[in-house]
Amino acid sequence: MSTSTERELPAVAPAVTAELVAALSPRLRKRLDAGVAKLADRPVVRDGDTVRIAVDDGGSELELHAPEGVVADAAAIRCGCLLAPDCLHRAAAASAAPVADVSADTASARGADRTAGVGATAATEQPAPLSGARAVPVLDESATPPQLAAAHAVFDAVAAVLDAGTDGSGAVLQAELLRAAHTARLAGLPRAAAAAVSVVTAVRAARAADPAFRLAELVGALSEALFVAHRLPHATGAEPAGLRGTVRQPYTPDGSLRLYGLFSEPVLTASGYAGAVTWTADAEGRLYTVSDVAPGGAGRAVGAADRAVRIGDTALTHRELARAGLAVSGATVSPTGRLGAGAGVRAVRASGAGWRAEPLDRLWAVPVAEQVGRALGGGHELLFLEVTPVGAVREAAGDCLLADCGGLPLRLTAAHDHPALPHRDNLRLLAAARGSRLRVIARLVAAPHARAQLLATEHPMSAGSRVDVGLDRLQHADLPAPASPSAAPVASAVPVHAERTPDEAPLHLLRRRIEQAASGGRRVLAFPGDSAADARRLRRHGLGTAGDILDGLLAAAAERSRDAFGRLLPADTGRFARAWLTAARYTDEVDRVLCAAAWGG
């Protein structure tokens, strides 16, 4: 038995939270948010699969039984107080715990909140196959009546959250959205279910002032959930299959594979999953992943790299595989390039290859603009770049590494902000390696300037060695000494970043309103002000569509009808959600265009 130092509660299935909140009386529902806050300050003790919380000083305890790390039934949350089982404590505990996405394949290499973020759950998002992965036939099937009803329920629940904003989206609204997610999962809509869960996870992170929370990720979660739910009733042809998503990625036989390790990255999600993903490539440059993701926290993310790879009888750890090779027979591969670990799969250790040796060298030979185009077109998001660090600059989200990439100014950012992971510290130290020509692997970030998350790099002082930025911790001794004090990596010594400024492309005027609504709700945009000036400025810079969309968004926020007695009627949350979705989708598409242009596409 041990006391949890990180106050990690087990993940709770969406249906469990929805059931417990729905069972509360109206009086207790009003007290639910206060109950969640009070529970957060109580001691937590973990004993195997059971977590106990002291709900008061009189000895009453709340128990959460979570086999395999997930509370899958309301009966698994028991309270010893006098009012149990009709007390507030059970619903408060479920509302305070991470949301378990029981519909998703949590071992997805591209899933698990993109390995870093707060809200995205990509295991069911139908990502495009990695290079060389097998495609899955798509059937032409329209949505069923239960699926249409579930989609409407998800849309209405997300619209209510958007109308209220993060501050107004307490545990009751969250539970309604979790109920809609559960309904969507039962109706065969795992993508909508996962998107709804992502919204709840992001809202909770915002309300808890989680340092890892990013407003852009909340916007992305809201946009994804609204888009899937809104589009499904109108989709035709092959589109409904993609909108439905898949619960688990199918694996197909792929014969024998000779793989070479590239790097490993940690997985740590706000939804309660952690582990590691190791990326490999074959002789043709096709990418494959081996993952170990399960319920857990930062400790599991840090330690997973030293766990044995779950494929065949190999004793390789993820950290070792990232620098060695693997010979696989009877291989099975998912559409996203993830290797299966079935009983018929055999794997043995093989020699690896350096990044500057064949066959891995060819990954860096692909023109950067072509790599970016592939990522923006739905392929994998990894970029294989040669860069020269030129310094560091502080942004609102923290320091980022500035680098020259073949004459292109590039900003390399941290893939994760958790203090247990060394991303940030490594970025700061790498800024001291100014002038070193390094090969790196990064994940593209769609932005109007060249931007990517740094995942792995060549060692600045050891030729042929690699650094997994999320797992290996650099020391000052690993870096070249600066030639002079003036060579220290300061922002003032860095060339001005060649990106569009707000005066050149003021799309931020629309994006700001999108983010304000996600955070503060519809009422923030309904306040009177000179909104016409922003629309005029957008039109002056050739963004006439953006100006029209902004006008429509603000009009939807402000419009309120009255009944025959002059009383204000409830706001049309559906209309506002559709106007907001239009704005969010538009800015995403413009960002993609500007991103391609920034990288020379």
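This is a predicted model, so every value here is computed, not measured.

Our focus in this paragraph is the nonpolar core. Membership of the largest hydrophobic core comes to 67 residues, with the highest contact counts inside it found for Leu222 and Trp580. Of all the secondary structure elements, the ones that give two or more residues to this core are α5 (145-168), α6 (171-186), α7 (190-207), α8 (215-231), α15 (508-520), α18 (544-558) and α19 (573-598). Once residues lying within four places of it in the same chain are set aside, the contact partners of Leu222 are Val158, Val161, Leu162, Val199, Ala518 and Trp580. Leu39, Ile53, Leu64 and Cys87 belong to the second-largest nonpolar core, a separate cluster that totals 33 residues.

We now examine the packing of α15 against α19. Contact geometry of α15 with α19 gives a least axis separation of 10 Å together with a crossing angle of 135 degrees. One element, α15, and the other, α19, form an angle in the oblique class. Note on packing geometry: the crossing formed by α15 with α19 is left-handed. Within the contact between the two elements, α15 uses Leu510, Arg511, Ile514, Ala517 and Ala518 and α19 uses Phe576, Trp580, Ala583, Ala584, Tyr586, Thr587 and Asp591. The class makeup of the residues in the contact of α15 with α19 is nine nonpolar, one polar and two charged.

The next point concerns the sheet that holds strand β11 (residues 325-333). Taken together, the five strands give an open sheet; going across it, the order is β10-β9-β8-β11-β12, and neighbouring strands pair in antiparallel fashion. For this open sheet the edge positions go to β10 (287-295) and β12 (346-350), each flanked by a neighbour on one side alone. Between one strand and the next, the sheet's axes are offset by a mean angle of 35 degrees, whatever the strand orientation.

For the rest of this paragraph, the subject is the packing of aromatic side chains. Within this structure, the stated rule accounts for three aromatic pairs. A centroid spacing of 5.0 Å and a plane angle of 35 degrees characterise the contact between Trp355 and Trp364, whose relative ring orientation is tilted. Just as Trp355 is buried, Trp364 falls in that class too. Where Trp364 meets Phe384, the ring centres are 5.1 Å apart and the plane angle is 75 degrees; that geometry is what we call edge-to-face. A residue pair is termed long-range when its members are at least 10 positions apart, and Trp364 in helix α12 (residues 361-365) and Phe384 in strand β13 (residues 382-395) qualify at 20 residues. By way of ring pairs, the aromatic residues Trp355, Trp364 and Phe384 are connected into one cluster.

Averaged over every residue, the pLDDT of the protein is 85; the share at 70 or more is 87%. Per-residue pLDDT, averaged within each element of the protein, yields its smallest value for strand β1 (residues 2-3) (39) and its largest for strand β16 (residues 438-444) (97). The low-confidence segment residues 104-129, where pLDDT is below 50, has 98 contacts with residues more than four positions distant or belonging to other chains.

Once that is clear, we can look at the packing of helix α1 (residues 14-22) against helix α4 (residues 89-96). Two packed helices can be described by the angle between their axes and the distance between those axes. Running from N to C, α1 and α4 cross one another at 145 degrees; their axes reach a closest spacing of 9 Å. Seen along the crossing, α1 lies across α4 with a hand that is left-handed. Residues Thr17, Leu20 and Val21 of α1 form the contact with α4, whose own contacting residues are Arg90, Ala91, Ala94 and Ser95. Counted by class, the contact of α1 with α4 contains four nonpolar, two polar and one charged residues.

Okay, the pattern of salt bridges next. One pass over the structure, following the stated rule, counts 37 salt bridges. Put simply, Arg513 and Asp534 hold a salt bridge, and the shortest N to O gap is 3.3 Å. You can see Arg513 sitting in helix α15 and its partner Asp534 sitting in helix α17 (residues 531-540), a full 21 residues away along the chain. Residue Arg513 shares its accessibility class with Asp534, and that shared class is buried. Close ionic contact of Asp548 with Arg539 constitutes a salt bridge, the shortest N to O distance being 2.7 Å. A residue is classified by how much of its surface remains accessible, and Arg539, at 35% relative accessible area, is partly exposed.

Scoring rules and cut-offs
- Residues numbered from 1 in each chain as written.
- Predicted model: local features only at pLDDT ≥ 70, side-chain atom pairs only at ≥ 80, totals over all residues.
- Heavy atoms only, no water.
- Core = buried A, V, L, I, M, F, W, Y, C linked by side-chain atoms within 4.5 Å.
- Buried < 20%, exposed > 50% of the residue type's maximum accessible area, 1.4 Å probe, protein only.
- Helix = DSSP H or I, 4+ residues; strand = E, 2+ residues; numbered from the N terminus.
- Contact = heavy atoms within 4.5 Å.
- Axes fitted to C-alpha atoms, helices over the stretch in contact; angles between N-to-C directions.
- Parallel < 35°, antiparallel > 145°, perpendicular 65-115°, else oblique.
- Left-handed = near helix turned anticlockwise from the far one by under 90°.
- Nonpolar A, V, L, I, M, F, W, Y, C, P; charged D, E, K, R; others polar.
- Pairing = 2+ DSSP bridges.
- Phe/Tyr/Trp six-rings, centres within 6.5 Å; stacked < 30°, edge-to-face > 60°.
- pLDDT = per-residue confidence, 0-100.
- Salt bridge = Lys/Arg side-chain N within 4 Å of Asp/Glu carboxyl O.

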